[in-house]
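Inside the fold
The primary structure of each chain is shown beneath.
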Amino acid sequence: MTSPPRPPAGPNATSRRVTVLDLAAARSEARPISMVTAYDWPTGRLADAAGVDCVLVGDSVAMVIAGRSSTIPATLEQMIYHGEIVSRAVSRAMVVVDLPFPFQHLGVRTAVESCARILKETGCQAVKLEGTAGQADVIAGIVAAGIPVMGHVGLRPQAVHQLGGYRLQRDQDRLLADARAAADSGAFAVVLECIPRSVAAAITAALAVPTIGIGAGPDCDGQVLVMHDLVGLSPDRVPRFVRAYADTKQTIGDAIARWRADVERRDFPGPGETLG
Ligand code: KIV
């Protein structure tokens, strides 16, 4: 089977590593930024070859890969394990690794130590952390250590129990204050998750750094999706803001079922697949 032609790398494509300066330039030149999650070597390679600007090793690994019901169980060791694999797989996109719960809430020193471990032990280029205006000093401390930080406001999955579920966040004043605090503390970009389009547009207009939306409408400077949602590999119902570009779940399930049937009728392995 031949693969369909791959679209050329995006308008932000460079032959070298994407940096925070490229993302700032993309925003000022109104070139949309693309970011997708990856948790392993093959999908990291595929995302990089597809020309995305950033590959996010999200703490969604706990749900997507480990089948947990939230991102809260993700550990620092797990983020470092997956971050190191993806960082080796990706040579051009910026690799961003999530700081897992609760390290941004344990004071500046612990947060800097945790982010430094992520940067040193994975080889990634940036960390992402969920937070409100209450984490401004932590972001400032990490940035002061020379570690690029991507903020994450709106629906903060690590706070799902406090927020009463995975629901739209509507409080414009609070969301704007949270996003401003991240940007003013030195974050080079801010993820806006699950907020109304008008609020995302207002935040995007107010900030001097790129916003990257997920469930935040088309007016953000960029978009991020979970890889398994994008390729149709997520086993459960996906949020309404997802667009699936493939039905990989069906493709993989069919392939395994066809192989099983071939094994049962002794059609596999055939002469060409038999050694000696
Ligand atoms: O963990 C993750 O995958 C994320 C994205 C959904 C933004 O934070």
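Provided above is the structure to which this section pertains.
With respect to the pattern of salt bridges
If you walk through the whole model with that rule in mind, you get 12 salt bridges. Put simply, Glu77, Arg117 and Glu121 are held in one network by salt bridges that share partners.

Quick notes on the nonpolar core
In terms of nonpolar packing, the biggest core is built from 50 residues, with Val55, Ile118, Ile142, Val190, Leu192, Ile195 and Ile203 touching the most fellow members. A per-element tally of this core places helix H8 (residues 172-184) first, with five residues. Filtering out sequence-adjacent residues up to four positions away, isoleucine 142 remains in contact with Ala111, Val112, Cys115, Leu129, Ile147 and Val149. Grouped together as the second largest cluster of nonpolar side chains are 17 residues, Leu23, Ala26, Ala189 and Val191 included.

What to know about the packing of aromatic side chains
In total, this model carries one aromatic pair according to the counting rule given. Relative to phenylalanine 268, the ring of tryptophan 259 lies with its centre 6.3 Å away and its plane at 65°, an arrangement referred to as edge-to-face.

Re the sheet that holds strand S1 (residues 33-37)
Within the closed barrel, the eight strands sit side by side as S1-S2-S3-S4-S5-S6-S7-S8. Their pairing is parallel. Going from strand to strand, the sheet's axes swing by 25° on average, the running direction of each strand aside. Bridging between strand S6 (residues 189-193) and strand S7 (residues 211-214) involves four bridges; their strand directions are parallel. What sits directly across from leucine 192, in S7, is glycine 213.

Here we look at the side chain of glutamine 135
Its place among the elements puts glutamine 135 in the loop between strand S4 (126-130) and helix H6 (136-144). Those residues in contact with glutamine 135 that sit more than four places away from it in its chain are Gln104 and His105.

Some thoughts on the environment of alanine 182
Following the sequence through the fold, alanine 182 ends up in helix H8. For alanine 182, a relative accessible area of 4% puts it in the buried group.

Some thoughts on the pairing of strand S5 (residues 149-154)
Along any regular strand, the residues point their side chains to alternate faces of the sheet. Among the six residues of S5, six are classified as buried, and the element is accordingly described as predominantly covered. Taking every second residue as pointing to the same face, both faces of S5 are buried, with Val149, Gly151 and Val153 on one and Met150, His152 and Gly154 on the other. As for the winding sense of the linkage, the β-α-β connection from S4 through H6 to S5 is right-handed. Examined bridge by bridge, S5 and S6 share five bridges and lie parallel to one another. Each bridged residue has a counterpart across the sheet, and for methionine 150 the counterpart in S6 is alanine 189.

Some remarks on the site of the ligand
Taken together, the neighbourhood of the ligand is formed by Thr37, Leu56, Gly58, Asp59, Ser60, Asp98, Lys128, His152 and Ile214. The side chain of serine 60 places a nitrogen or oxygen atom 2.5 Å from an oxygen atom of the ligand. Note that an oxygen atom of the ligand is positioned 2.8 Å from one of the side-chain N or O atoms of lysine 128. Protein chains shield 95% of the accessible area of the ligand, which is 260 Å² for the free molecule. Residue classes in the shell around the ligand are distributed as two nonpolar, four polar and three charged.

How each quantity is defined
- All residue numbers refer to positions counted from 1 along the written sequence of the respective chain.
- Under the rules for a predicted model, residues below a pLDDT of 70 receive no local features and side-chain atom pairs below 80 are neither given nor counted, while totals for whole chains, interfaces and linings still include all residues.
- Where side-chain values are given, they derive from all heavy atoms of the structure, hydrogens and water being excluded.
- Salt bridges are identified by distance alone: a Lys or Arg side-chain nitrogen within 4 Å of an Asp or Glu carboxyl oxygen.
- Here, the term nonpolar core denotes a set of buried Ala, Val, Leu, Ile, Met, Phe, Trp, Tyr and Cys residues that are joined through side-chain atoms within 4.5 Å.
- Each residue is placed in one exposure class: buried if its accessible area under a 1.4 Å probe, protein chains only, is under 20% of its type's maximum, exposed if it is over 50%, and partly exposed if it falls in between.
- What counts as a helix is a DSSP run of H or I of at least four residues, what counts as a strand is a run of E of at least two, and both are numbered from the N terminus.
- Residues are treated as being in contact if the distance between any of their heavy atoms lies within 4.5 Å.
- In this analysis, rings of Phe, Tyr and Trp, with Trp reduced to its six-membered ring, are considered paired at centre separations within 6.5 Å, and the interplanar angle assigns stacked below 30 degrees, edge-to-face beyond 60, and tilted for intermediate values.
- For two strands to count as paired, DSSP must find a minimum of two bridges between them.
- Think of each axis as a best-fit line through the C-alpha atoms, taken over the contacting stretch in the case of a helix, with angles from 0 to 180 degrees between the N-to-C directions.
- By definition, the crossover connecting two strands over a helix is right-handed if that path, from the first strand to the second, turns clockwise as seen with the strands pointing away from the viewer.
- We call a residue near a molecule or strand as soon as one heavy atom of that residue lies within 4 Å of the molecule or strand.
- Pairs of N or O atoms are called polar contacts if they sit within 3.5 Å, as long as, within protein, a hydrogen donor faces a hydrogen acceptor (for residues adjacent in sequence, only side-chain-to-side-chain pairs).
- For the area figures, the Shrake-Rupley method with a 1.4 Å probe applies, and any residue is considered shielded solely by the protein chains shown.
- Under this grouping Gly is polar, as are all residues other than the nonpolar Ala, Val, Leu, Ile, Met, Phe, Trp, Tyr, Cys and Pro and the charged Asp, Glu, Lys and Arg.

Purely geometric numbers; function is a separate question.
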